[in-house]
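This is what each chain is made of:
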Amino acid sequence: MNSTDNESNTQDLTRHDVAAKLRDTGVVMLTTAVGGDKLVSHPMTIQGVTDDADVWFFVGLEGDQAGALSGDSAVNISIAAAGSWLSVAGHAEFVDDRGKVQELWNDSAEGYFPEGPGDPNLRLLLVRTDSAQFWGLPGGRIAGAAHMVKAMVTKGRAPGGTDTTEL
């Protein structure tokens, strides 16, 4: 693990921490490479997170996202919420498992896949995570903002810290 904590208020980032942060998030930005030189991000709803911090999504085979992923499996998942940011690098793979689709199926997915779990356009996307980096402000957004103002007024060091881990 490579810790680059700029203060002692950020603990070592673990696989468990990454999985918990992903589970606490509904929608993330999933970035894929298109044509080898262009990055494109799409909002995606997390359908499940494993204990290894791997992430399940539903994806339409006929969409731009699926086309991009069939050319390059490298992806990044990013989250920004309440004074903290998480960036997770990994590789995506399409999974054709109707039993897993049924297990992960929920009412919100029906808006995207009106034919239900048997929709022929529906495929599972599994992102196998490789590494993660977290940046956070101590005490969440409100406390973090107060610390930022204090640092600006006193010309002190900005609050927060960062940590990186291999998954």
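Values in this document were obtained by computation on a predicted structure and should not be read as measured data. Note that residues are indexed from 1 along each chain, following the sequence as it is written. Selection of residues for local features in this predicted model requires a pLDDT of at least 70, selection of side-chain atom pairs for listing and counting requires 80 or more, and totals for whole chains, interfaces and linings are taken over all residues. Note that the side-chain values use all heavy atoms of the structure and ignore hydrogens as well as water.

## What about the pairing of strand 1 (residues 27–34)?
Bridge analysis of strand 1 against strand 2 (residues 38–45) gives eight bridges, and the strand direction is antiparallel. Paired with Leu30 across the two strands is His42, which belongs to strand 2. A pair of strands is considered paired only if DSSP assigns at least 2 bridges between the two. Put simply, DSSP marks the helices as runs of H or I at least four residues long and the strands as runs of E at least two long, and each gets a number from the N terminus on. Inspection of the sheet shows strand 1 paired to strand 5 (residues 74–81) by four bridges, in the antiparallel sense. The residue bridging Thr32 from the neighbouring strand is Val75, located in strand 5.

## Considerations on the side chain of Asp54
Take Asp54: it is sitting in the loop between strand 3 (48–49) and strand 4 (55–60). Whether a residue is buried, partly exposed or exposed follows from its accessible area with a 1.4 Å probe, protein chains only, as a fraction of its type maximum: under 20%, in between, or over 50%, in that order. Classification of Asp54 as buried rests on a relative accessible area of 10%. Between N or O atoms, a polar contact is any pair within 3.5 Å; within protein, one atom must be a potential hydrogen donor and the other a potential acceptor, and residues adjacent in sequence are included only when both atoms are from side chains. Side-chain polar atoms of Asp54 contact the backbone nitrogen of Thr129, separated by 2.9 Å. In what follows, a contact means two residues having at least one pair of non-hydrogen atoms within 4.5 Å. If we ignore the near neighbours within four places in the chain, the residues touching Asp54 are Gly48, Val49, Leu126, Val127, Arg128 and Thr129.

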